[in-house]
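A look at the structure
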Amino acid sequence: MKSQVKLRKYHAPVWSEPIIMEMGHRGERGILIPIAEDEIKTAVGDAESYVPEEMQRKELPKLPELSQPQVLRHYQHLAQETLGMEENIDISQGTCTMKYSPKVNEILARTPQIADIHPLQDEDTIQGALQIIYQLDLFLREISGMDQFTFQAGGGAHAAYINACVLRAYHDANGELGERNEVITTVFSHPCDAATPNTAGFKVITLMPDANGYPDIEALRAACSKHTAGLMMTNPEDTGIYNPRVEEYVKAVHDVGGLCFYDQANLNGIMGVARAREAGFDACHFNLHKTFSSPHGCMGPACGAYGVRNKLAKFLPTPLVGFDGEKYHLDYDRPDSLGKVCEFFGNVQVLLRTYAWIMSMGADGLLEAAHVSVINNNYLSKLLMAIPGVTKHYAEGKIRLDQVRFSWEKLEKDTGCGTLDVQKRMIDFGVQSYHTSHHPWIVPEPFTPEPCETYSKEDCDYWAAVLRQVSREAYTNPKIVKTAPHNAAIHAINRDILDDPKRWAMTWSAYLKKVDNNR
Amino acid sequence: MVKKESVIYPYIPNSVPEIKEEMLKEIGVKEAETLYREIPNNLRFKRKLNLPKPILAEWELKRHVMDILGKNKTCEENLNFLGGGCWQHYVPAVCDEIASRSEFLTAYAGEVYPDLGKYQAFFEFQSEIGELVGMDVVSLPTYSWGCAAGNAVRMASRMTARNEVLLPETISPERLAIIRTFCKSAVRKAHIDVRLISYDSKTGLLDLESLENEISCKTAAVYIENPSYLGFIESRSERISKIAHDNGAMSIVGVDPISLGVVAPPADYGADIVVGTAQTLGIHMNCGGGSVGFIASRDEEKYVAEYPSLLISISNTVQEGEYGFGICAYQRTSYASRDKAKDWVGTTTGLWTIVAAVYMALMGPCGFKEIGETIIQKAHYAIKLLSEIGGISLPFSSNSFKEFIVNFDGAGMSVTDVNKALLSHSIYGGKDISREFPELGNSALYCITEIHSRQDIENLVSALREILK
């Protein structure tokens, strides 16, 4: 079965697009805008007269001048030079749950009834939007066991930041903030679980894995004290291993008066199977652009839906959406709220897609998605473990859930081809570059696929066959792996430039000033 | 065993029982349930989730959702004068087209080789914003203008090793609330104190005397906005930057780039860091979901080191003449350095970044000049006509860009009542700011953009005349 997969012949589109800043000709126009009518001009005169002289722009911005078809063509080409989830078997980006975003939900999200409404409209005129938000809150309460959600976070890290701010507000309200200045996380939790509490002013203690890959519980117990503000962790962690003693971790932190946050950016494998509430957590978050099907959009707009138990609800950002039995409303009257972390009340178009997706799945469908994601993962794992050079660390004999952190350590030792080499070679077969691991790399030469329920058995077979081919090449012709990519839109880039202040350039204007340094 | 009533989910190929069986067999277990054996029984969720019965057929789902959305009344069906942090500008069809390209819509965090186009579009966004604001470094955007401002204040605080920021009292209360959140710390001594500088009650402009009195060797930065939340252009911006610099503080300026075809780029009047929205650049309002904010600065190592955001640098490849791209100074980010990073970064607003790049390319220099001019003329036409209505006054409006205050004190009607009445004319009146700025009385913040025709403005005026008579 495994050897029957025929790898496709693939080459990425190559358009060698110039930078838009060097395209076009003086005088070309991409769009005309509605200029003020003559009557208006006559009545008010020149626009200039309303801009104080010292604040007038003296020189036009050096933006490109292109006609509309040329602008469109340029960005269509750039789109083609991007490998979307819909264009490939995107098992590659583990921890990201590259699941299918149903097209019908996209059509719904683009209707003027969502796209062209203003958040400050009279509540009577946005009852539909408020209903979606309110209902989604109820759905997520049921899925998590939490008592109240906020959607103000535009991404998962943003939700983790809300949590850090809730920790601050909660301990402040108890008069203990001065004392409680430590947050504990685990090294296999997302970097945001360490970075956001640090930004909020906490000292961060990071637990390393024990011999079984679980966060070291003795280290946790040693870290817990009257200074503990809270714990921020995932489970299963990026390794895919469910930590069966999670309750004990939660208890250890609760015993010293800390709060426990469950980073559930990726809930996919345990949706409807296990909830934050039963494990004792005080708060959790879901990435609606991962588990809940809203598209990833080249890194957003997204949503980190953040939920808490009742005792923390009063601290959530303002406003929340309420319902009095007849009408939905925005509740701004929340004196204990931590305030705001973003304007308005969330990426409503993302919430709409999530609402529609949950409505299309129901309880059975969510559970089916979880089951199939775990089946897919264990099936793929079996295929990958048969590939020369692949190993996995920790928890021998334990069943992983939605993903596995594999290692090319052996391949690297045997052939000199490490995970970054494989990552560059695999795209020559038309699949997205895989996620290696968040930093630091605890598992050497890591890679982390996630075959969520979107992917068929044949997709899993194909993806495994790509890695099998790259492994074979590493053992027989490592040069082809080392010099990859060969079928991408560009060749190996010069990474030194990215860290060199004399040569890096974040804008075309900076590039023009430094272009000689790059020769 | 095949259950007859099994649902085959169109989004789940392996929901076909036979396939599942086959895969389970390959794995070596009998049922999916076995795969969950690591989860202790007491942590298992025992019952079925209590969710509404699913709507399986796509048509029925669409109908169900459209019925709910039908309760929203859009700014296409009604005449909208709301702004205040989310603005209705025309979204060119090409922007919608590129926003719906499946590659951009569904890609995520892939490396530059498979996702070259994404990286290039990001670099182009940075380059175009750089031209508008006059800076050589621009970040990939964060969630919103307020978040960008909060990040910038924290950058300035680290760069100056000072813990205080001065802001105008006229700042958007929403952006202020976000900045306050970002400036708080669990440790008292690490707080950045947020202090408000009063404004001239006749013009709305920042009171320079108060600024001079308040600024000190503790001040990390002075933050102002152009145009301000209340719509006027801060005419003495250069003086404000100079006062900041004279006191060893940095000058941070927040902008709406749609104004920058006619209003001076902040770099020209002394800004050290520029932040702003990009929602006005081809992005639908989305009930607030169109928010996006950028940060920009000079190209100096000490600035780059302080950005929390991803910064895309252009590079080259082993092939002569080929452009490559990558993340500049990645080690600085929290992705690389976790709690050792100075701030945090995450998934933000990539798709809007690309759409804004398209918008700026379509508009070009002439488009920005014309849109700035037309907005100013239309806004001042509205100001002129409204000022002729008895009972209405328009404070601070002589230097307005697109927003301005309409005060109804003389008319003896609350903004709430005026707006309710306008609604019956299918008009969304300006944002009620009478609670945000009680000293400004019974006032609303109106917004006029290029989408408002002369007729639209006159319709507003006649509706108000009728309501206030």
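Parameters at a glance
- Along each chain, the written sequence defines residue order, and numbers are assigned to residues from 1.
- As a convention, the first chain written is A and the first ligand written is 1, with the rest following in written order.
- Thresholds applied to this predicted model are a pLDDT of at least 70 for local features of residues and 80 or more for the giving and counting of side-chain atom pairs; totals over whole chains, interfaces and linings are not thresholded and use all residues.
- Helix and strand assignments follow DSSP, with helices taken as H or I runs no shorter than four residues and strands as E runs no shorter than two, numbered in order from the N terminus.
- Backbone-placed C-beta atoms define the burial measure: a residue is buried with 20 or more other C-beta atoms within 10 Å of its own, exposed with 12 or fewer, and partly exposed in between.
- As a per-residue quantity, pLDDT reports the predictor's confidence and falls between 0 and 100.
- In this analysis, strands are considered paired if DSSP registers two or more bridges between them.
- Two residues qualify as being in contact provided that their C-beta atoms, derived from the backbone, are within 7 Å of each other.
- Under the grouping applied here, Gly and all other residues not named as nonpolar or charged are polar, the nonpolar ones being Ala, Val, Leu, Ile, Met, Phe, Trp, Tyr, Cys and Pro and the charged ones Asp, Glu, Lys and Arg.
- For the domain bounds, the source is a domain assignment made automatically or taken from a database.
- Angles run from 0 to 180 degrees between N-to-C directions of axes, and those axes are lines fitted to C-alpha atoms, restricted for helices to the stretch in contact.
- Orientation is classified from the angle alone, with under 35 degrees giving roughly parallel, over 145 giving roughly antiparallel, 65 to 115 giving roughly perpendicular, and any other angle giving oblique.
- Crossing handedness follows the turn of the near helix against the far one: under a right angle anticlockwise gives a left-handed crossing, and clockwise gives a right-handed one.
- In this usage, the nonpolar core is the set of buried Ala, Val, Leu, Ile, Met, Phe, Trp, Tyr and Cys residues whose C-beta atoms join them within 7 Å.

Of the regular secondary structure elements, chain B holds 14 helices and 14 strands. Burial analysis of chain B (469 residues in total) assigns 62% to the buried set.

Summary statistics for chain B give a mean pLDDT of 97 and a share of 99% for residues scoring 70 or more. Predicted as a complex, the structure gets a pTM of 0.98 and an ipTM equal to 0.98.

On to the sheet that holds strand β10 (residues 391-392) of chain A, then. Residues and elements named next belong to chain A. The strand order across the open sheet formed by 3 strands is β10-β11-β12, and the pairing between neighbours is antiparallel. Either end of the sheet is taken by a strand with one partner, and the two such strands are β10 and β12 (446-447). Relative to β12, strand β11 (residues 406-407) runs antiparallel, the two being bridged by 2 bridges. What sits directly across from Ser407, in β12, is Pro446.

A few words on the environment of Glu450(B). With respect to the helices and strands, Glu450(B) occurs in the loop between β14 (443-447) and α14 (454-468). For Glu450(B), a count of 22 C-beta atoms within 10 Å gives the class buried. In this structure the C-alpha to C-alpha distance between Glu450(B) and Glu373(B), which are 77 residues apart in sequence, comes to 9.2 Å. Once residues within four sequence positions are removed from consideration, Glu450(B) is found in contact with Ile33(A), Pro34(A), His89(B), Tyr90(B), Ile371(B), Thr374(B) and Ile375(B).

So, on to the interface of chain A and chain B. Each side of the interface is counted separately: chain A has 185 residues, and chain B has 183 residues. Looking at which element gives the most residues to the side of chain A that touches chain B, the answer is helix α11 (residues 348-385) of chain A, with 23 residues. Each residue belonging to the side of chain A that touches chain B can be placed in one class, and the counts come to 102 nonpolar, 53 polar and 30 charged.

Residue and element names in this part refer to chain B. If you walk across this open sheet you meet the 3 strands as β11-β14-β13, and the pairing is antiparallel. Of all strands in the sheet, those bounded by a partner on one side alone are β11 (403-407) and β13 (431-432). Sheet topology note: the β11/β14 ladder contains 5 bridges and is antiparallel. Directly across from Glu403, in β14, lies its bridge partner Cys447.

According to the domain assignment, chain B consists of domain 1 (1-57), domain 2 (79-87 + 366-468) and domain 3 (93-359). In this structure, domain 1 of chain B and domain 3 of chain B have C-alpha centres spaced 46 Å apart.

Another point: the packing of α11(A) against helix α14 (residues 457-476) of chain A. All names here are of chain A. Their axes nearest at 10 Å, the elements α11 and α14 cross at an angle of 30°. Relative to α14, the element α11 is oriented roughly parallel. Between α11 and α14 lies a crossing of right-handed hand. Side by side, α11 and α14 meet where Asn376, Tyr379, Leu380, Leu383 and Leu384 of the first sit next to Cys460, Trp463, Ala464 and Leu467 of the second.

With that out of the way, let us pick up the pairing of strand β8 (residues 320-323) of chain A. All names here are of chain A. Here 4 bridges tie β8 to strand β9 (residues 328-331), and the two strands are oriented antiparallel to one another. When the sheet's bridge partners are listed, Phe323 is paired in β9 with Tyr328. Between the end of β8 and the start of β9, which pair antiparallel, lie 4 residues, with Gly325 showing a positive phi angle near 100°.

Residues and elements named next belong to chain A. Here Val253 shows up in helix α9 (residues 246-255). The spatial distance from the C-alpha of Val253 to the C-alpha of Asp364 is 34 Å, given a sequence separation of 111 residues. Ignoring sequence-local partners within four residues, the contact set of Val253 consists of Cys224, Thr228, Gly230, Leu231, Gly258 and Cys260.

The biggest cluster of nonpolar side chains holds 341 residues, and the ones touching the most others in it are Val166(A), Val153(B), Ala221(B), Ile252(B), Val355(B) and Val358(B). Excluding its chain neighbours within four sequence positions, the residues that come into contact with Val355(B) are Cys95(B), Ile98(B), Ala99(B), Gly282(B) and Ile283(B).

Moving on to helix α7 (residues 173-183) of chain B. With 8 of 11 residues buried, α7(B) lies mostly within the body of the structure. Every buried residue belonging to α7(B) is among Glu174(B), Arg175(B), Leu176(B), Ala177(B), Ile178(B), Ile179(B), Thr181(B) and Phe182(B), and all of these are buried.

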